[in-house]
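So you can see what is in the structure, the chains are spelled out below.
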Amino acid sequence: MTHIRVQLGALGLALLTGLAAPPAHAAEDTAAAPTVEERRLDNAAPQEILARSGFATVAPEFVRALGRARSYAQAERVVERQGARLWQRAVDRAQGRGPAGGDLSRDDDRPLYWARLGMTREVRQWEPQFGLTEAQRTRLLGALERTSRGQDTIRYPHAKGVKRILVTGFDPFTLDRDIRISNPSGATALALDGTVIETADGPARIETAVFPVRWQDFADGTVERTLRPHLPRVDLFTTVSQGRVGRFDVERTNGAWRGGFGDNENLSRTETIPVTDPASQPQWTSTTLPYKDIVAASTGRFPVYDNTSVTEIPAGGTTPVVRPEGPTPGSTARAGGGGDYLSNEIAYRATLLRDRLGLTASLPGGHVHTPVLQFGTGNTDPASGTVTDPQFIQNRLDIIAQVRSILKVAADADVTD
């Protein structure tokens, strides 16, 4: 992949004038090596996914646009515009608008993931003539992450009688086990963004965003920064992630603990979830989704469970204990219903934010785990398997459709219960 390199046009002048110090606006070399995530991009499967979706052109087009920037302000505008364009292109493709760009099924979330990494790698290694400070490069990367994930384009109509639903998804993860992997929660976010469902009380507009599978981004507040402006104005929210094989789960309780599983940068964190005002941080938060209605409804081919189990250290104890019926008073969290990884953490952060905003009694919200998205029979070995197959596609389509049905049930329950 082509990388933009600084041109040292001032060198001759500096020598002729005998300058002992560099010019005031000399370029600062802050370029960095590609991250663990970005290095995976050069593998065959990501390249095939990009080629078969038409998204192989994203990073080269971005390089050309970035190369025309003559100041940091111009570069920032390019990054924001190109990031937003990538998100909209992925949403449009998933929803059947515009060219497919190749034979990869439109419901696939992976082109967005790998194209974004191509863009972040270019920003990380870009050396413009005008120079970039480390802080400026970090801000460009942050802007690219937000815009290409739909985090800053959550918009609801002002029309009366239209309900507002907010849904989040995740990037693919465990890519060192199988680099072909897709995340049905991310695919759901693309398929549902900006769509409308009919509820018992009229239309409901769904807006979505996707989050990275990285511990540090969550510690830096990406969830709260994205959700805080919207939770006071929505009628329903749910964070969504991939969970167990063959089933959906509505997670009843979320725990304030990080269990240490490696993220997409192969980094591990074992600690209490870091939040603002830790002195008032609870060990547990709870769903306010209408889980009884969701579990009782016929929403699709996969069974849906009200998952109440957690792992805790009981009050006065030292050893973790599994509690099938939920936490006991005074206990310390070691895993919520959704585990101790970033699925549990986004659920914990979103519901804690709901509670801190004083919305516990009025805003239905929580976490839904989808089934694991499985490849078809005969295509389970990442070493010899293909990047897609008919059963894989059907599984993803069925999961997306069932999430949509679950949202409709939840929205209906909100007005009828």
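Residues numbered from 1 in each chain as written. Predicted model: local features only at pLDDT ≥ 70, side-chain atom pairs only at ≥ 80, totals over all residues. Heavy atoms only, no water.

**Q** Before we move on, can you summarise the overall build of the protein chain with the specific residues and values?
**A** If you tally the helices and strands in the protein chain, you get 13 helices and 14 strands. Radius of gyration (C-alpha) of the protein chain: 23 Å, near the 22 Å computed for a compact globule of 417 residues. Within the protein chain, counting contacts between residues at least 6 apart in sequence, those at least 24 apart form 77% of the total. For the protein chain, the exposed surface amounts to about 17,800 Å²; the carbon and sulfur share of it is 53%. (Helix = DSSP H or I, 4+ residues; strand = E, 2+ residues; numbered from the N terminus. Rg over C-alpha atoms; globule rule 2.2 N^0.38 Å. Contact = heavy atoms within 4.5 Å. Areas by Shrake-Rupley, 256 points an atom, 1.4 Å probe, with all protein chains shown as cover.)

**Q** Hey, could you go over the side chain of Thr 226 for me, with residue numbers and the actual values?
**A** When you line up the elements, Thr 226 lands in helix H10 (residues 222-227). In contact with Thr 226, not counting residues within four places along its chain, are Gln 151, Ile 154 and Phe 211.

**Q** Can you tell me about the environment of Ser 182, naming the residues and giving the values?
**A** Relative to the elements of secondary structure, Ser 182 occurs in the loop between strand S1 (163-170) and helix H8 (184-192). Ser 182 gets classed as buried once you look at its relative accessible area, which sits at 1%. On a C-alpha basis, the gap between Ser 182 and Arg 146 in space is 20 Å, while along the polypeptide they are 36 residues apart. Residue contacts for Ser 182: discarding those within four places in its chain leaves Asp 109, Arg 110, Pro 172, Gln 242, Leu 373, Phe 392 and Arg 396. Polar side-chain contacts of Ser 182 include one of 2.4 Å to the side chain of Asp 109. Of the polar contacts made by the side chain of Ser 182, one reaches the side chain of Arg 396; its length is 3.1 Å. (Buried < 20%, exposed > 50% of the residue type's maximum accessible area, 1.4 Å probe, protein only. Polar contact = N/O pair within 3.5 Å; in protein donor to acceptor, adjacent residues only side chain to side chain.)

**Q** Requested: an account of the packing of helix H5 (residues 72-94) against helix H6 (residues 110-125), with residues and values cited.
**A** Between H5 and H6, the shortest axis-to-axis distance is 10 Å and the interhelical angle comes to 165 degrees. The orientation of H5 relative to H6 falls into the category roughly antiparallel. The handedness of the crossing between H5 and H6 is right-handed. Facing Gln 82, Gly 83, Leu 86, Trp 87 and Ala 90 of H5, the residues of H6 in contact are Leu 112, Ala 115, Arg 116 and Met 119. Tallied by class, residues from the contact of H5 with H6 come to six nonpolar, two polar and one charged. (Axes fitted to C-alpha atoms, helices over the stretch in contact; angles between N-to-C directions. Parallel < 35°, antiparallel > 145°, perpendicular 65-115°, else oblique. Left-handed = near helix turned anticlockwise from the far one by under 90°. Nonpolar A, V, L, I, M, F, W, Y, C, P; charged D, E, K, R; others polar.)

**Q** Which residues make up helix H4 (residues 58-67), and what are the values?
**A** Of the positions making up H4, those classed as buried are Val 58, Ala 59, Phe 62, Val 63, Ala 65 and Leu 66. Viewed along the axis of H4, the buried residues span an arc of 170 degrees, placing them on a single side of the element. Where the residues of H4 are buried, they touch H5 and H6. (Arc of directions from axis to C-beta.)

**Q** Now, about unusual backbone geometry: what can you tell me, with residues and values included?
**A** Leave glycine aside and you will find that most residues have negative phi; peptide bonds, for their part, are mostly trans. Here the phi dihedral of Thr 174 falls at roughly 55 degrees; this positive angle occurs in a residue that is not glycine. With respect to the helices and strands, the residue Thr 174 is situated in the loop between S1 and H8. Look at Thr 174 and you get buried, because its relative accessible area is 18%.

**Q** Could you give an account of the nonpolar core, naming the residues involved and the relevant values?
**A** Core analysis: the biggest nonpolar cluster contains 40 residues, and Leu 66, Trp 114 and Leu 140 have the highest contact counts within it. Among the elements of the structure, helix H3 (44-51), H4, H5, H6, helix H7 (134-148) and H8 are those that each provide at least two residues to this core. Of the residues forming this core, the biggest block, nine residues, is contributed by H5. Ranked by size, the runner-up nonpolar core spans 26 residues in total, among them Val 167, Ile 206, Tyr 291 and Leu 373. (Core = buried A, V, L, I, M, F, W, Y, C linked by side-chain atoms within 4.5 Å.)

**Q** Go over the confidence of the model for the protein chain with me, naming the residues and quoting the values.
**A** Confidence in the prediction of the protein chain, expressed as mean pLDDT, is 93, and 92% of residues score 70 or more. Low confidence marks residues 1-26, where pLDDT is under 50. Its contacts with residues over four positions away, or in another chain, come to 26 contacts. (pLDDT = per-residue confidence, 0-100.)

**Q** Mind laying out the sheet that holds strand S11 (residues 310-313), listing which residues take part and the relevant values?
**A** The antiparallel open sheet is built from three strands, whose spatial order is S12-S11-S13. Taken across any chain shown, the strands that pair with only one partner, and hence form the sheet edges, are strand S12 (321-323) and strand S13 (332-335). Adjacent strand axes in the sheet meet at a mean angle of 45 degrees when their direction is disregarded. Here S11 runs beside S12; their pairing, made up of three bridges, is antiparallel. The residue bridging Thr 311 from the neighbouring strand is Val 322, located in S12. (Pairing = 2+ DSSP bridges.)

**Q** Describe in detail the pattern of salt bridges, supporting the description with residues and values.
**A** The full count for this structure, using the stated rule, is 29 salt bridges. Close ionic contact of Arg 97 with Asp 92 constitutes a salt bridge, the shortest N to O distance being 2.9 Å. The exposure class assigned to Arg 97 is partly exposed, which follows from its relative accessible area of 39%. The closest approach of N and O atoms between Arg 349 and Glu 345, which form a salt bridge, is 2.9 Å. In this pair, Arg 349 and Glu 345 are both assigned in helix H12 (residues 342-356), four residues apart and thus about one turn of the helix distant. Of the two residues, Arg 349 and Glu 345, neither departs from the other in class, the shared state being buried. Sharing partners across several salt bridges, the network here consists of Glu 37, Arg 116, Glu 145, Arg 149, Asp 171, Arg 214 and Asp 217. (Salt bridge = Lys/Arg side-chain N within 4 Å of Asp/Glu carboxyl O.)

**Q** So, the packing of H6 against H7: which residues are in play, and what are the values?
**A** Packing of H6 against H7 brings their axes to within 10 Å, and their N-to-C directions diverge by 165 degrees. By the criterion of interaxial angle, the relationship of H6 to H7 is roughly antiparallel. H7 is crossed by H6, and the crossing has right-handed handedness. Contacts between H6 and H7 involve Leu 112, Arg 116, Met 119, Thr 120, Val 123, Arg 124 and Gln 125 on the former and, on the latter, Arg 137, Leu 140, Leu 141, Leu 144, Glu 145 and Ser 148. Here the residues of the contact of H6 with H7 are counted per class, giving six nonpolar, three polar and four charged.

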